[in-house]
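Survey of secondary and tertiary structure
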Amino acid sequence: MKHRIISSILLPLLFVAPFSGVQASIMIEDLTAGTGPGFGDSLNRYSWSSESFNDDLYIGTFNVGFDLTALPGYANQIANAPNPGLAGLDAFRRLWSGSPVTPSTGGEIWRYKNSTWEQVLKTDSEDVGFRSMTKHGDYIYAASANGPNGPSPSDPNYSFPGTVNYGTGPVPAPDPDIAGTQIFRSMDGENWEEVAGGPSANPLNASSRSMTVINGQLVLGTENPIGGSELWSCTICDGTDWVNPVTMPGTLAIGKVAEFGGETIFGTWGTGAQLFKLNGGAPVEITPTFADPDVLNSDSGVMELIKFNGRFYLTTVDYTDGFTMLSTDNPHDPTSWKVHTKDGFKTEYPALAGSENNAYGWTAIVKDGVMYLGTFNSNKTGSDIDQALGFDLPLDGRGQIWSTADGMSFQLVEGNGFDSFGTYGFRTSTIWNDQLIFGSASNFFLPDLTNFPYEEYGFTIEDFKAELLAHFGSDLFSDQFEIGFEDFSELYSLGTQVFALSVVPEPEILVLFGVGLFGLGFARRRKQDH
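All of these numbers come straight from a predicted model, not from anything done at the bench.

1. Re the pairing of strand β7 (residues 139-146)
Taking burial as the measure, the 8 residues of β7 include 8 buried ones, the bulk of the element. The side-chain alternation of β7 yields two buried faces, one formed by Y139, Y141, A143 and A145 and the other by I140, A142, S144 and N146. Bridging between strand β6 (residues 127-136) and β7 involves 8 bridges; their strand directions are antiparallel. Pairing of S132 across the sheet is with A143, part of β7. In this antiparallel pair of consecutive strands, β6 and β7, the connection spans 2 residues, and G137 shows a positive phi of 65°. Where β7 lies against strand β10 (residues 183-186), 4 bridges are found, and the strand directions are antiparallel. Residue pairing for β10: Y141 is matched across the bridge by R185.

2. Details of the nonpolar core
Of all hydrophobic cores here, the largest spans 19 residues; its most connected members are Y46, F62, Y360, W362, Y424 and F444. When residues of this core are traced back to their parent elements, those giving at least two are β2 (44-53) and β24 (358-367). Ranked by residue count, the leading element in this core is β24, at 3 residues. In this structure Y360 touches M303, T316, V317, Y319, F323, G374, T375 and F376, once residues within four positions along its chain are discounted. Listed in part, the 14 residues of the second largest apolar core include F260, V295, L296 and L314.

3. Some thoughts on empty space enclosed by the protein
Applying the stated criterion to the full structure yields 1 cavity of 30 Å³ or more. Approximately 40 Å³ is the volume found for the largest cavity. As for the largest cavity, its lining consists of E304, L305, I306, Y313, L314, T315, M325, A364 and M371. At the level of secondary structure, the elements contributing two or more residues to the lining of the largest cavity comprise β20 (301-308) and β21 (311-317). The residue inventory of the lining of the largest cavity, partitioned by class, reads 7 nonpolar, 1 polar and 1 charged.

4. What to know about the pairing of strand β4 (residues 108-113)
Buried residues dominate β4, accounting for 5 of its 6 residues. Here 6 bridges tie β4 to strand β5 (residues 116-122), and the two strands are oriented antiparallel to one another. Paired with E108 across the two strands is K122, which belongs to β5. From the end of β4 to the start of β5, which pair antiparallel, there are 2 residues, and N114 there has a positive phi angle of about 55°.

5. A few points about the pattern of salt bridges
By the definition in use, this model includes 11 salt bridges. For R185, the salt bridge is made with E193, and the minimal N-O distance between the two is 2.6 Å. For R185, a relative accessible area of 8% translates into the label buried. With its nearest N and O atoms 2.7 Å apart, the salt bridge here joins K342 to D292. Note that K342 is positioned in the loop between β23 (338-341) and β24 and D292 in the loop between β19 (282-285) and β20, a separation of 50 residues in sequence. Overall, the relative accessible area of 30% leaves K342 in the partly exposed class. Judged by its relative accessible area of 30%, D292 falls in the partly exposed class. A cluster of three or more residues bridged by salt bridges with shared partners is formed by R111, E118 and E190.

Rules of the game
- Residues numbered from 1 in each chain as written.
- Predicted model: local features only at pLDDT ≥ 70, side-chain atom pairs only at ≥ 80, totals over all residues.
- Heavy atoms only, no water.
- Buried < 20%, exposed > 50% of the residue type's maximum accessible area, 1.4 Å probe, protein only.
- Helix = DSSP H or I, 4+ residues; strand = E, 2+ residues; numbered from the N terminus.
- Pairing = 2+ DSSP bridges.
- Core = buried A, V, L, I, M, F, W, Y, C linked by side-chain atoms within 4.5 Å.
- Contact = heavy atoms within 4.5 Å.
- 1 Å grid on protein atoms, 1.4 Å probe; cavity = no way out; pocket = protein on both sides within 12 Å on 5 of 7 lines; lining within 4 Å.
- Points joined across faces, edges and corners; volume = space filled by probe spheres on them.
- Nonpolar A, V, L, I, M, F, W, Y, C, P; charged D, E, K, R; others polar.
- Salt bridge = Lys/Arg side-chain N within 4 Å of Asp/Glu carboxyl O.

Geometric descriptors of this kind do not, in isolation, establish any biological role.
Written as structure tokens, this is what we have:
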């Protein structure tokens, strides 16, 4: 009887210790420390996608930067365009997809093998990056985003073949002669082949925002602001068996595709944050509904969908109030959703600086019974430039990583972008070598001052610094920018970084676990002796 009592006390320690509420330490390693940010190229601003394949780690980049030298000429072209207003809107759209002032040399895929990075795929400059990546069968798949799709203000015969509503207003329709998203695959990670047809056959599919495997099929959602986003699937996925089950007219993009209960569920952009499921190949709307009008009222779209602890989680993008996070155990019931935050954790965790500016719940992943969430944090809400423009310009970012073990309460794992200059978010995550992998997003509105021809403009770095401070004032920028002005070498380190996170239990947890093991062993020995 005594041994049963001892065992009943000690046995729970084995299970309680790892989840005792004591904060575990997280060891952080910058896997790109050897190459430098951007794998040595500052135009690689984002780790846009990631995957573990054949024991190696793969990263797809978003390759774009800001060229100060091209700005005056580009502004002049816009001003002299047949319709300067539409040209300006088009130019603003192109900032995210390649333009004369945000040039790209083409998206890249990098492989981390034997502690060494090597570039295994490079596209042309029209494909600005690889927005999604996954493994299916014996292959790893990667899908690109196309760059300057459509007529450009730099064209002397700049015209508008048609306009569409791109969220904020009419913009030129893209040129259908320019290719859209491209799909690539590889069996060994070195030799890549293009997968023709399907989403690539429609040049208006500007990118593939989400790609996953559901019930043995590769499922892919596109961005298509002209004809509406599309959901494609294939089984063999060699270009011969694409199935286009659904097109969503009026939507900008399918932001995320996921599985819950064996069903395909996807969220869209462009008409707010809407949620759908496939039923017999047709979309059925299951968007969460709330009596509170402030929930999902200004959210632009669905960013992340993920399963955790038997519940289905949804995050959004909201530049105005901060992202929304919801969860439910039954996504088919629009009234069943619980609100975890509707303002990027500002209300729930007001003491955590900068959380009010979390515009995206950007990437989520589950490991060892814990869910982790990486955010995009615009950080400088309400600055002079924001007030002048009427919206929050992401000038200064501090990407955050949050975690939860129970799915209800959240802890801040990292709140300052690992102190990397210009890192305003964590865009992609995966698990590799039993480690959490987070790829960062580095601000592409910042110019690469390494290549800025100061002498041609008749001033030095010190003059440039003085001009910026004189025009904008030091209060415009946060500490990161002030540090950058004090030491301009900080600005040379722009580019994405890849971080590996390893969770290490604190000594208190190890002590509890050890006491449990020792106690059970001692009790068993006493029992055998008797």
